[in-house]
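What follows is the residue order along each chain.
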Amino acid sequence: MEKAALQSVSAALHAHLRARARAGVRWVYPGSAPLPEAASDPLPLAPAADAPRQAPDPASGRAPDRAALLAAIRDEMGDCTRCKLHAGRKNLVFGVGNPDARLMFVGEGPGRDEDEQGEPFVGAAGQLLTKIIEAIGLDRSDVYIANVVKSRPPNNRNPEPDEIAACLPFLEKQIDAIGPKVLVALGNVAAKTLLKTDTGIMKLRGSWREYRGIPLMPTFHPAYLLRNAEDKRLVWEDMLKVADRYNEDLPPGVKPARPKTKGQ
Ligand code: SF4
């Protein structure tokens, strides 16, 4: 290849990577869209407050293949041994749901049932989460659910800082791939990790926060609600706010959140 042609390709590649970095994309999947022309970078210098993490497809307004992006992340994890939690797990619990979800829930880590089945939130707390999702008129298949750590901590203890540090990059990539409109952090570990704060869930819950430009609602973990049923009312208040935000700028054909009223 001519030197001038090589320089042109190099310039286009650099422009493309800079554009993706500004949009919050910190990795490149082989199936990504073709390189844009260096001189016609369509992305703003700074992403809008609620900009999706992946550069949108011009026709649909959405990234072209989020399922493939998630599959690539899962492939990258492989039979992960990056932290000591791998020793006690039966199944790596990656995440579940709609790759195009506008609403994503993040919990703490798998418990016994999740470890057995390889799916997040399938035990008693998971059934309560499903009811919470249905209470705002959505189904589990409409949302995406993942955890901070993908391997079960022994005796359901909290994940330790080194374990969170090892696993967090994969959650961040999942969020990047999905580009949800709204995030819900379930419980202390998820809220503190995503918001990089020492403030506890008791103070955080109920108010909008932000994770890299995405509105984030911290609320109680369903496992906490199983022990503290009186606080379900607070989670309901949080979910009404989530439903309102979910319905903002809803594209045609996307099912709206419709919170149920008493008796429904
Ligand atoms: S918790 Fe995450 S980083 Fe640790 S072994 Fe499991 S998948 Fe790997």
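Keep in mind the model is a prediction, meaning the values are calculated, not measured.

Attention now goes to helix α6 (residues 187-195). Along α6, 7 of the 9 residues are buried, which leaves the element largely enclosed by surrounding structure. Every buried residue of α6 is listed here: Gly187, Asn188, Val189, Ala190, Ala191, Thr193 and Leu194. Directly after α6, the chain includes lysine 196, whose backbone phi takes a positive value near 50°.

Going residue by residue along strand β3 (residues 144-147), you find Tyr144 and Ala146 tucked away on one face and Ile145 and Asn147 tucked away on the opposite face as well. Here strand β2 (residues 103-107) pairs with β3 via 4 bridges, running parallel. Note that in β3 the partner of glycine 107 across the bridge is asparagine 147.

Take the environment of valine 96 next. For valine 96, the location among the structural elements is in strand β1 (residues 96-97). Excluding its chain neighbours within four sequence positions, the residues that come into contact with valine 96 are Glu119, Pro120 and Ile145.

Attention now moves to the site of the ligand. Around the ligand, the structure places 14 residues, and the nearest of them are Cys80, Cys83, His86, Ser151 and Cys167. For the shell around the ligand, a count of residues per class yields 8 nonpolar, 3 polar and 3 charged.

Take unusual backbone geometry next. Where the residue is not glycine, phi is negative for most of them; where a peptide bond is considered, it is trans in most cases. In this structure, arginine 212 takes a positive phi of about 45° despite not being glycine. For arginine 212, the location among the structural elements is in the loop between β5 (209-211) and β6 (214-219). With 14 C-beta atoms counted inside 10 Å, the residue arginine 212 sits in the partly exposed group. Of note in the backbone geometry, aspartate 249 takes a positive phi value of approximately 55° without being a glycine. Mapped onto the elements of the fold, aspartate 249 is located in the segment after α9 (232-247).

On to the sheet that holds β3, then. Taken together, 6 strands build an open sheet; the order of strands is β1-β3-β2-β4-β6-β5 and the sheet is mixed. Edge strands, defined here as strands with exactly one partner in the open sheet, are β1 and β5. Summarising the sheet, β5 and β6 pair through 3 bridges and their orientation is antiparallel. When the bridges of β6 are listed, tyrosine 211 appears paired with isoleucine 214.

So, about the nonpolar core. Formed by 51 residues in total, the largest nonpolar core has its most connected members in Met104, Val106, Val143 and Ala185. Take this core: its biggest share by element is 7 residues, from helix α5 (residues 161-178). Excluding residues within four positions of it along the chain, methionine 104 makes contact with Val143, Tyr144, Ile175, Ile178, Pro180 and Leu183.

Further remarks concern the pairing of β2. Counted residue by residue, β2 has 5 buried out of 5 residues, so it is predominantly covered. Neither face of β2 is left uncovered, since the one carrying Leu103, Phe105 and Gly107 and the one carrying Met104 and Val106 both have all their residues buried. In this sheet, strand β4 (residues 182-186) lies alongside β2 in parallel orientation, the contact comprising 4 bridges. Of the residues in β4, the one forming a bridge with phenylalanine 105 is valine 184.

Relative to the assigned elements, asparagine 188 resides in helix α6. Of the residues examined, asparagine 188 has 20 C-beta atoms within 10 Å and is grouped as buried. Distance in space between the C-alpha atoms of asparagine 188 and glutamate 108 is 8.1 Å, their sequence separation being 80 residues. Once residues lying within four places of it in the same chain are set aside, the contact partners of asparagine 188 are Gly200 and Ile201.

Conventions and cut-offs
Residues numbered from 1 in each chain as written. Predicted model: local features only at pLDDT ≥ 70, side-chain atom pairs only at ≥ 80, totals over all residues. Buried ≥ 20, exposed ≤ 12 C-beta atoms within 10 Å, placed from the backbone. Helix = DSSP H or I, 4+ residues; strand = E, 2+ residues; numbered from the N terminus. Pairing = 2+ DSSP bridges. Contact = placed C-beta atoms within 7 Å. Near = placed C-beta within 6 Å. Nonpolar A, V, L, I, M, F, W, Y, C, P; charged D, E, K, R; others polar. Core = buried A, V, L, I, M, F, W, Y, C linked by C-beta atoms within 7 Å.

Take it as geometry only, folks, not as evidence of what the structure does.
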